[in-house]
Every structure is written in structure tokens, then in C-alpha cells.
Amino acid sequence: MQPLLYFDICSVPIFLIILISVYARRMTKGMSNRLFITLLILSVLSALSDIVVEAASCSLPLSEPLLVMSNICAYIYFISRSTSIVVYFFFVFSITGTWYRIRRKRMKAILLIPFTVMLLTVASNPFTGLVFSVTSEEGYSRGFGINIIYVICTLYALCGTIYLLSCHRIIPKNKIFPLVSLYALTMTAVVVQFFNRMLLVEMIATAFSTILLILFVLRPEEISDVSVGSLSFEAYRSEIRKILLTKQKVHIAIISFTNAYELRSYLGEMRFLTYVSHIIRQLDSMFRRERVFFDIYFEHPGTMYIIIDDPKYDVEDAYHRLADELMRRSEKAVSAGERLTAVACDLAVPDDLNDLDEIIRFGRDFVQQVPPGKIFVNASDVIASKDYRIISNMDLILNRAIAESRFKMYYQPIYSVEKGRFISAEALIRLFDDEFGYVSPALFIPAAEKRGVILPIGDYVLEEVHRFISQNNISSLGLEYIEINLSIAQCMQEELPEHLAFLRERYGVPPEKINLEFTETTYEDMGSVMQFNLDALSEVGYTFSLDDYGTGYSNMQRVSKLPLKIIKLDKSLVDDMATDDGLSIVRNTVKMMRDINKELVAEGVETKENLDYLEKIGCHFIQGYYFSKPLPEDEFIMFIKEHNKINA
Ligand code: C2E
Ligand code: CA
Ligand code: CA
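What you see is a predicted model, and the numbers here were worked out from it, not measured in a lab. (Residues numbered from 1 in each chain as written. Chains lettered and ligands numbered in written order. Predicted model: local features only at pLDDT ≥ 70, side-chain atom pairs only at ≥ 80, totals over all residues. Heavy atoms only, no water.)

**Thoughts on the overall build of the chain**
Per the secondary structure count, the chain includes 28 helices and 19 strands. For a compact globule of 648 residues, the expected C-alpha radius of gyration is about 26 Å, and the chain comes in at 34 Å, more than 25% above that figure. For the C-alpha atoms alone, the extent of the chain along its principal axes is close to 115 × 50 × 45 Å. Within the chain, the proportion of its 648 residues that are buried is 53%. By sequence separation, contacts in the chain at least 24 residues apart represent 72% of the contacts at least 6 residues apart. Approximately 29,700 Å² of the chain is accessible, and the part contributed by carbon and sulfur atoms is 59%. In the chain, which carries 65 positive and 78 negative side-chain charges, the distance between the mean positions of the two groups comes to 5 Å. (Helix = DSSP H or I, 4+ residues; strand = E, 2+ residues; numbered from the N terminus. Rg over C-alpha atoms; globule rule 2.2 N^0.38 Å. Buried < 20%, exposed > 50% of the residue type's maximum accessible area, 1.4 Å probe, protein only. Contact = heavy atoms within 4.5 Å. Areas by Shrake-Rupley, 256 points an atom, 1.4 Å probe, with all protein chains shown as cover. Lys, Arg positive; Asp, Glu negative; His and termini not counted. Charge placed at Lys NZ, Arg CZ, Asp CG, Glu CD.)

**Some remarks on the confidence of the model for the chain**
Across the chain, the average pLDDT comes to 89, with 96% of residues at 70 or higher. Across the chain, element-level confidence peaks in strand E10 (residues 407-416) with a mean pLDDT of 98 and bottoms out in helix H22 (residues 520-524) with 65. (pLDDT = per-residue confidence, 0-100.)

**Brief notes about the nonpolar core**
Membership of the largest hydrophobic core comes to 101 residues, with the highest contact counts inside it found for Phe36, Tyr236, Ile252 and Phe362. With 15 residues, helix H3 (residues 64-95) is the single largest residue contributor to this core. Residues lining this core come from more than one domain, with at least three contributed by each of domain 1 (6-218) and domain 2 (223-391). Counting residues in each nonpolar core, the second largest holds 75 residues, with Ala427, Phe518, Met593 and Phe636 among its members. (Core = buried A, V, L, I, M, F, W, Y, C linked by side-chain atoms within 4.5 Å. Domains from an automatic or database assignment.)

**Thoughts on the coordination of the calcium ion (ligand 3)**
Summarising the metal site, the calcium ion (ligand 3) is bound by the protein donors Asp547 (OD), Asp548 (OD), Glu603 (OE) and Glu603 (OE), whose distances to it range over 2.2 to 2.5 Å. Site description for the calcium ion (ligand 3): donor spacing in sequence, D-D-x54-E. Residue aspartate 548 is classed as partly exposed on the basis of its relative accessible area of 25%. (Donors = N, O, S within 2.8 Å, 3.2 Å for Na, K, Ca; no water.)

**Comments concerning the pairing of strand E1 (residues 132-135)**
With burial as the criterion, only one face of E1 is covered, namely that bearing Phe132 and Val134; the residues Ser133 and Thr135 on the opposite face remain uncovered. Relative to strand E2 (residues 139-142), E1 is paired through 4 bridges, and the arrangement is antiparallel. Bridging from a neighbouring strand, phenylalanine 132 pairs with arginine 142 of E2. From the end of E1 to the start of E2, which pair antiparallel, there are 3 residues. (Pairing = 2+ DSSP bridges.)

**Observations concerning the coordination of the calcium ion (ligand 2)**
Donor atoms from the polypeptide that bind the calcium ion (ligand 2) are Glu426 (OE), Asn485 (OD1), Glu517 (OE) and Asp547 (OD), placed at 2.1 to 2.3 Å. Mapped onto the sequence, the donors of the calcium ion (ligand 2) take the spacing E-x58-N-x31-E-x29-D. The distance between the calcium ion (ligand 2) and the calcium ion (ligand 3) comes to 3.9 Å, with aspartate 547 serving as a donor to both metals. Within this pair, whereas glutamate 426 is found in strand E11 (residues 421-433), its partner asparagine 485 is found in strand E13 (residues 481-485), the two being separated by 59 residues in sequence. Take glutamate 426: its relative accessible area is 3%, and that puts it in the buried class. Judged by its relative accessible area of 26%, asparagine 485 falls in the partly exposed class.

**Focus on the side chain of serine 49**
Summarising the element assignment, serine 49 is placed in helix H2 (residues 31-56). The exposure class assigned to serine 49 is buried, which follows from its relative accessible area of 2%. Of the polar contacts made by the side chain of serine 49, one reaches the backbone nitrogen of tyrosine 77; its length is 3.5 Å. The residues contacting serine 49, other than those within four sequence positions of it, are Cys73, Ile76 and Tyr77. (Polar contact = N/O pair within 3.5 Å; in protein donor to acceptor, adjacent residues only side chain to side chain.)

Set out below in C-alpha cells:
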């Protein structure tokens, strides 16, 4: 009787189709994916070699070439089949996120002992004929030693099944069953085949369960981010969940691009993503060289999370090496203006943080906590800082501040070089919390934007400044207007012109007394509503300042087209005046802006030296601690009365 080869033959295209789909969907990153691919390749090899051996046995006696070929294929079959059992065993640990349990070399060596026995048994076959024999008269026939292989495979299958069932808390049931099915179906098929030599159903059983795996377990949309060729942020979240449940110790290297938004709008989405994937590839090859277990996850627009499965790994050292390497390479690849800038952090889980939400939040918030000039921080330092305590309690702080109207307005004087007195002030919001003390607007304004509670805060600022102007007759103090910061959400708010009209009426404040500030980032995101608002408001007589000029990708052409009266040079530009390059950047910026008839405010001027230089090169207005910090209403009025009289 001839064996039924159809099952084996059918299994080959199934494995191949799955293999192709794995590559087509770029599921090639990460340990689980790599093990799965290995499993598929080994299965194809097993099925093909099995087909050759069994088919050859149908045309006895075997010719010399067929005999040699059958022999070779029989070895390929036994080696690939037994290896695939072990590969799947490791796959189980990887896909359940519990790889760390077998990470140690000794542990792996123990787990590989049965496998080694299997290999030795197969390797001894030429001398002992223990496992199988192929003769030209009888073809392929099994030996007694094959039972050793069966027993060992059963051992792996049993251990794997028990382990999977014990993981029910870590991974959902709809994934456990497909994972167990590979063992269950294959073992059943082996039993069938053992009793009926003609029914070669083993490979097709494995093929069916790999279909289940690809459909229910390895879901690329949950796992990989094809746009950059890494694992996805969702996968990161579920991996962290597993790590916390299993009390595993890992390092997470978080690398965050600080200019991702700007660079994305500058390069365009496609080129930006290509650039990011290039960097991810570099990271990948570096960590491979370091021989640590790692996986890279990406969150748009520009944060990479690298989970490093080695508690002793020195992340800081690695990051500095990486930064050097990337710098060297990107020097060639892109021009200076296109370079991504990044800061990184080493977060030890669970030592630094042990709560899923907090870990996720930390990845998004730590950037604000990196001191200027540094590119690396340890999470433990960040977490110990006062700012972090504030950031991680921001929901509470904001809710309380809004509910109890805890905000106050401060005013920072702005000096006119030409007039030799203070002619305006920037209104800056302040928040003092009973529990956390002073909460900087640099922390709570972005947080309020993200949480969608910025509008009530913005409304408070507008109303309060209108009241201030109308109650204090600022003209008599020598002040021409007050500058108010607008958030992105306010700029995009359709009701903004009406709201200002209402306040204008109510407090009798003419538009000339108010200057509205927005940032370049706001402008980048400018929708038609914002454009409409700018036009409508400037028609009524409001003027605008572009805030923080010099921090983003400043585009002169755009600047010249906007209805801007004033450009505010960011503090970082002013600080850079300590260097020759910085000095000439500021000088040229001032010249350019003057040429297109913009007025200039230099922000953050702290020294007499900077003040003198800015005056000399023709900067119109100066704002900074050199004159005064932002002051509460009463103190501000006293300050202005005193100084404007003296200078008048
Ligand atoms: P900004 O609009 O760039 O405001 C200037 C910031 O620089 C203020 O920080 C001011 O106190 C600080 N500053 C001024 N001169 C100096 C100096 O000489 N040295 C140093 N080191 N700092 C100086 P502040 O008040 O902490 O505000 C931070 C940011 O929060 C502001 O940056 C603005 O983006 C936002 N913000 C503040 N108040 C409001 C507001 O009422 N509405 C909105 N939407 N945002 C606001
Ligand atoms: Ca401002
Ligand atoms: Ca500013």
C-alpha cells in the first residue's frame, strides 16, 4: 500500500503562503516574529523532505541517486522536525512575554539537553541505524530509536502545553487555544500516523495550527508598525502589562525626538517616516551587536521604546555611543536643518515605576524634564524631582485649579529701546496649588492642551487682562498695550472674534490695547478657522506677535505673509549670544526682520551685556529678568509708575 502524500503536499503551499504573508506584512521584527519565521522555514523543509522520502519508497528498488537523495532527505526531515519542536517551545516563551524566565544561559542549556539527545540520536544513525534506514530494496523504514525522538518531542509538547495553560493570566484565552492547538493537533496526528503508516497527516496538522497562529495570535496590526518597521505602540503597552504581571525586571530606553513635529512638517510625512525607519534600523543593528535581548517599539510622531531584557545593561553608555554613531552617519545623510534631535531616558521597571498608566505617561512626559543641554536622564532622577510629582498629579492639579479658580495673572514689563521706557507687558498666568506649590505654566499649559481643558483657562486669561486694562487706565502709566498668549485651541476656536468683541464691549477696551501672541507651532497646525480668526481680528484692529521665534523651523517667507506686527526672539537665541555664531544669528535675524518691517522683542534678556548688544543692533523691545520678572498686578503697577517716571 502506498502512503497518502496529498496531506504533506498540501501543507507546503500553506506554509509558503503564510511565510510570504509574514514578509509582505513586514512581521519580521521582534523575537516572536523571528522564531515564527524559523518555524515556518523548518516546517517547509520537513514537509518537502518527507515527501521525497515517502515518494521514493514507492518506486522500489531504489536507484543509486534516489537512495542517496532519500538518505539525505531523511536526515533533513529528522533534524528540521526536531528543531522546529524546540523553536516552537521557545516561541511560546517569547509570545507570552516571559522570555526572561529562560534568559539565563544555564536555563537555556538545561532546556536544550533533550534536544541535544535527539540530535545525537539522529547523528549516530549512520553507524547504528537506530532511527531509520534506507535501503534500495525496502526503501525507508523506521528503527526502534525513533521512539526516543517521539518521547522527547512529547516531553517538549507536554511542558509547552502546561506552561501555556499556566499563562492564562498573562495572555487572553483566544490566544492560548491557538497556541496549544499546535501541540494538540500535531501530537494527535503523530499518534494517527504511528498506528497507520499510510496516513501522513502530521505536517498538515501543523499547517492548520500555524494558520490559527497567524490569524489569532500574531496579529500584525496589534504588533508591528509597518510605517517605520518596528513594533507598534500598542504592542509596547501589552508588553509592559505582561512584564508587570510577571514581575520581570527590564530596562526601557526611551528615545524621544524633540523636533519630530517640525521635521515632519518640513520633510513631509513620507520622507519623515523613511528617515525614522532608517534610524530604527541603525538602532536594531547596534543592539544586535551588543548581544542583548531587545525589542523596539515606536509611537508617532517620534518616540522609540526599547525594552532591554537585561537588568545589568548600561543604557546611558549605549545611548551616548549610539548618539555619536547616528551623528556621524546623519552628517552625511542629511543636512543640518533636517537632523532629528533627541533626548533619552533609562527607565528601570519595576524599580523606578510599576504601574502601567504611569509608565506610559512617563514616556510622554519625561522630555519636559530633561535639563537644557543634556541628552540623557535617568528615570529615577526625574521621578525624584518636584516637577515630576507635579506632572504625575496634573489631572488633580488642573481639576482643582479650574474648579476653585486658582489662577492669577502676572505681568512682565517690556522695554522700548527707542522710547527709553516700558511701553507694554506680557500677561503670564500663574498657578499656586496648596499641596504642590507653584506650578509652572510651562508644565500645566501643555498638559491642559492635551487634556482639552485649555479653553476655560484661556477665557480666564482674556477676561482677567481686559479687567486689568480697564481698571488701571494703562495709557496713563505709559503702557500702550498688553500682550496675551493664545493657545492652539483658542486660535482655532470659531467663537474667538465674538468672544473678544463681547469683552471689548463689556470692559471698554479698544483692540489697540491688546496684542495677541501665538507660536510657530500653532501656526504650523493652522487650519482655516485660525486663518479666518487672524484676518477677522486684524481687521478690527488687534495686532499679533509671533512667539518663540527661532525654536522651530522658522520660515521667513511664511513670517512675511502673516499679519504680524511683532516677532519675539526666543530666549534660547538670546542665550546663544554667548557664542560668535549665536551673535551673528541674532544680528542677522534682527536685520532681516527690520527689512520686512517687523518689530522685534528679545525675550529672556538677563544681562546688561546682552541688552547693550541688542540695543546696538536695532532690536526694538527688550523683555527679561534684567528689568523685571513677571509681577503680580499691584507690584507691576508700582514698578511701572516708578520706572516710567524716572525714565520719562
Ligand atoms: P512664553 O510665552 O515664551 O513666556 C515667556 C517665558 O519666559 C515666561 O515664563 C517668562 O517668565 C520667562 N522669562 C521672561 N524673561 C526671562 C528671563 O530673563 N529669564 C528666564 N529664565 N525666563 C524669562 P512662564 O511665565 O513660566 O511661562 C512659560 C510659558 O507658558 C510661556 O512661554 C507660554 O508659552 C505659557 N504661558 C504663560 N502664560 C500663559 C497664558 O496666559 N496663556 C497661554 N496660552 N500660555 C501661557
Ligand atoms: Ca509669550
Ligand atoms: Ca516666548
